[in-house]
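Coordinate analysis (summary)
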Amino acid sequence: MLGRLPLPDPPRLFLPAQILFLLGGLFAGVLNVHQLFFLTAMAPCLYNLSLIAAAVFLGPTWGVSGMAVGVLGGAWLGQFALLVPPLRRLGADFRFSLDRRDPGFREILRQIPPIAVGICLAYLAFLITSSFATSCGPRAASAYNYAYRLFWLPLGLFGTGFAISFFPAMSSDAAAGHLDDLRRKLHTGIKGTLFFCLPSAIFLAAWTVPVISLLLEHGNFTAFDSRLTARALLFFCFAIPLVGVQQLLARACYALGQARMMVLLSLPGLALCLLLAPALQAWGVAGVALSYTLGMAANTLLLALGLGRKLPGMGKAFWLALALRFLPGGLLALGLALGLRLLPWPRYFPNHHAVLAPLAAGFITAIGYLALAWWQQAEEAAWLKRKLGI
């Protein structure tokens with residue numbers, strides 16, 4: 001039946017999808033301000049489910065056009081149909097208005113350019129380094145791209161989640177002039193980000209090849225591709241806690257109305273990526289990934305120093321105490337991950353060691369790390385126990 005219908009033109013479907021994405025970002029921001037995070041977190045899930053359904057049911061018949069239908073359907077479901085009902089319950093009134101004299105509208109126009117540039121800078125660092133990865137040999141560009149996607153897996157789960165959830169509260173504190181409350185929330189967010197991102201980065205660095213083989217080594221993706229991707233991912237892992245903290249620092253700058261400062265402090269890190277990528281290109285994708293990590297390290301350091309001048313309590317003493325606090329847990333996670341890497345897993349799981357070995361090792365590393373955190377009475381461990389009902 002589908003084969004008899006006229007094929008939809010993909011560009012005509014992508015345009016309304018982009019409008020829905022734009023509206024969805026606005027709706028999600030309003031819901032986040034009201035501390036309603038669950039539905040905004042579900043929006044990407046519905047979008048991905050729509051893409052999967054389109055690939056299964058429409059892809060065989062309509063091809064790319066079927067996937068375009070999935071894009072539009074997912075945008076409508078996740079960005080509009082899911083988010084509008086809770087907005088109406090909050091009293092939102094949907095009507096078109098363009099009042100250029102409205103103070104809120106003027107403030108948005110003033111803040112959009114530096115925030116947009118700041119967001120683009122982070123992705124631009126990847127684009128710059130990836131352009132050098134294309135010259136590192138056959139399949140190097142694909143390996144670099146896959147490593148970057150895996151690099152964002154723990155960041156999407158933990159780093160971005162903390163940054164999004166703390167941003168509305170920090171903005172409210174800044175608007176009310178409660179800088180002490182803002183600083184306390186920022187401290188809590190940074191600690192929570194490091195609590196989850198640090199062991200994730202350590203385990204991923206120690207188990208790069210097994211994890212990549214488990215997730216990607218199917219079809220045309222060979223063992224050679226896994227090893228090549230692992231070289232880049234190893235150096236990306238060092239940037240996981242750095243970028244997680246950077247996202248929180250950037251949102252603290254936005255909350256304080258210091259978006260321009262955030263952009264200016266991000267430029268040296270971008271320039272460092274541009275300088276180091278060709279210099280380290282001789283090391284292959286590993287050197288290019290290292291240039292990205294060093295650029296992000298410079299970005300995070302400069303943001304921390306700049307924010308320390310604007311916000312009391314964000315100086316060297318805080319960062320030193322933070323490093324000493326997470327040092328034991330990081331060393332334990334590193335020792336467990338490396339020790340488990342040496343075990344003869346094929347002997348324990350003869351038929352399924354490629355799947356079960358990284359899962360078992362990750363579980364054991366997590367249990368050991370959490371046990372130490374509970375023994376240290378870390379506030380993040382207490383929060384996790386409450387959430388799990390333990």
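Structure report, in brief. Worth saying up front: this structure is predicted, and the values here are computed from it rather than measured.

Side chains three or four residues apart in an α-helix point the same way, a direct result of the helix having 3.6 residues per turn. Along its 16 residues, helix α11 (residues 240-255) runs 23 Å from first to last C-alpha, staying within 8% of the 22 Å computed at 1.5 Å per residue. The buried fraction of α11 amounts to 14 of the 16 residues, a majority that puts the element mostly inside the structure. Remark: Gly 257 follows α11 within two positions and exhibits a positive phi of approximately 75°.

If you look at the biggest cluster of nonpolar residues, it comprises 85 residues, and the most contacted ones within it are Phe 151, Leu 186, Ile 190, Trp 207 and Phe 236. Beyond its immediate chain neighbours, meaning those up to four positions away, Trp 207 contacts Ala 337, Leu 340, Arg 341, Trp 345, Ala 357, Pro 358 and Ala 361. Residues Leu 31, Leu 83, Val 84 and Leu 87 belong to the second largest nonpolar core, which totals 8 residues.

Further remarks concern unusual backbone geometry. Residues apart from glycine generally show negative phi values, whereas peptide bonds are mostly found in trans. Of note, the phi angle at Arg 139 is positive, near 70°, even though the residue is not glycine. For Gln 377, which is not glycine, the phi dihedral falls at a positive 60°. The exposure class of Gln 377 is exposed, given its relative accessible area of 71%.

Once that is clear, we can look at the packing of helix α12 (residues 259-280) against helix α13 (residues 285-310). For any two helices packed against each other, one specifies the crossing angle of their axes together with the interaxial distance. The N-to-C vectors of α12 and α13 enclose an angle of 160°; their axes lie 8 Å apart at closest approach. Accordingly, the angle class assigned to the pair α12 and α13 is roughly antiparallel. Relative to α13, α12 is oriented so that their crossing is right-handed. Of the residues assigned to the contact of α12 with α13, the class counts are 17 nonpolar, 7 polar and 1 charged.

A few words on the pattern of salt bridges. Note on pairing: side chains with opposite charge can pair once their charged atoms come close. Counted according to the given criterion, the structure contains 7 salt bridges. Across the salt bridge formed by Arg 183 and Asp 180, the nearest N and O atoms sit 2.9 Å from each other. A residue pair is termed a helical-turn pair when its members lie 3 or 4 positions apart in one helix, as Arg 183 and Asp 180 do in helix α8 (residues 179-206) at 3 residues. A salt bridge links Arg 325 to Glu 380; its shortest N-O distance comes to 2.5 Å. You can see Arg 325 sitting in helix α14 (residues 316-341) and its partner Glu 380 sitting in helix α17 (residues 379-388), a full 55 residues away along the chain. Among the residues examined, Glu 380 registers a relative accessible area of 6% and is labelled buried. Linked through salt bridges whose partners overlap, the residues forming this network are Lys 191, Arg 325, Glu 379 and Glu 380.

Scoring rules and cut-offs
Residues numbered from 1 in each chain as written. Predicted model: local features only at pLDDT ≥ 70, side-chain atom pairs only at ≥ 80, totals over all residues. Heavy atoms only, no water. Helix = DSSP H or I, 4+ residues; strand = E, 2+ residues; numbered from the N terminus. Expected span 1.5 Å × (residues − 1). Buried < 20%, exposed > 50% of the residue type's maximum accessible area, 1.4 Å probe, protein only. Core = buried A, V, L, I, M, F, W, Y, C linked by side-chain atoms within 4.5 Å. Contact = heavy atoms within 4.5 Å. Axes fitted to C-alpha atoms, helices over the stretch in contact; angles between N-to-C directions. Parallel < 35°, antiparallel > 145°, perpendicular 65-115°, else oblique. Left-handed = near helix turned anticlockwise from the far one by under 90°. Nonpolar A, V, L, I, M, F, W, Y, C, P; charged D, E, K, R; others polar. Salt bridge = Lys/Arg side-chain N within 4 Å of Asp/Glu carboxyl O.

Geometric descriptors of this kind do not, in isolation, establish any biological role.
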